[in-house]
Amino acid sequence: MLIITSSRKLYQLRLELGLTQNDVAERCNMSVNYYGRIEREECNCSVNLLDKILQVLGKEIDFK
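These remarks concern the structure in this document. (Residues numbered from 1 in each chain as written. Predicted model: local features only at pLDDT ≥ 70, side-chain atom pairs only at ≥ 80, totals over all residues. Heavy atoms only, no water.)

Structural notes on the nonpolar core
Buried together is how nonpolar side chains tend to be arranged in soluble globular proteins.
Phase 1 of the analysis: By size, the foremost hydrophobic cluster in this structure holds 15 residues, and its most contacted members are L10, V24, M30, Y35, I38, I53 and L57.
Phase 2 of the analysis: Of all elements in the fold, only α1 (8-16), α2 (21-27), α3 (32-39) and α4 (47-56) reach the threshold of two or more residues within this core.
Phase 3 of the analysis: Per-element tally for this core: the top contributor is α4, with four residues.
Phase 4 of the analysis: The residues touching I53, leaving out its near neighbours within four places in the chain, are L10, V24, C28, M30, Y35 and I38. (Core = buried A, V, L, I, M, F, W, Y, C linked by side-chain atoms within 4.5 Å. Buried < 20%, exposed > 50% of the residue type's maximum accessible area, 1.4 Å probe, protein only. Helix = DSSP H or I, 4+ residues; strand = E, 2+ residues; numbered from the N terminus. Contact = heavy atoms within 4.5 Å.)

With respect to the side chain of R14
Phase 1 of the analysis: With respect to the helices and strands, the residue R14 is situated in helix α1.
Phase 2 of the analysis: Polar side-chain contacts of R14 include one of 2.6 Å to the side chain of E39.
Phase 3 of the analysis: Setting aside residues no more than four positions away along its own chain, R14 makes contact with L19, T20, Q21, V24, Y35, E39 and L57. (Polar contact = N/O pair within 3.5 Å; in protein donor to acceptor, adjacent residues only side chain to side chain.)

What to know about the packing of α1 against α3
Phase 1 of the analysis: Running from N to C, α1 and α3 cross one another at 115°; their axes reach a closest spacing of 7 Å. Along its contact with α1, which presents R8, L10, Y11 and R14, the element α3 presents Y35, I38 and E39. (Axes fitted to C-alpha atoms, helices over the stretch in contact; angles between N-to-C directions.)

As for the state of the cysteines
Phase 1 of the analysis: Evaluated as defined, the whole model comprises zero disulfides.
Phase 2 of the analysis: Take C28: it sits in no disulfide, and the sulfur closest to it among the cysteines is that of C45, at 9.2 Å.
Phase 3 of the analysis: Just so you know, C45 is unpaired, no disulfide at all, and the nearest cysteine sulfur is the one on C43, 7.3 Å from it.
Phase 4 of the analysis: On the basis of relative accessible area, C45 is assigned to the partly exposed category, the value being 25%. (Disulfide = S-S within 2.5 Å.)

Just geometry here; none of it tells us what the structure is for.
Structure representation (structure tokens):
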């Protein structure tokens, strides 16, 4: 279970896995610029896209 309180957590998870922003963006079929904006909290993303990002990072959404 993962509770995201900040998009910065995505950054931390990505680094723990040794992935680049480009790695995550490619696996999620989005531009690296858009993914970077999500990590920097410059924009929001849909729940579906967040789920896809979290799958790449080995986590899942839990709506408890």
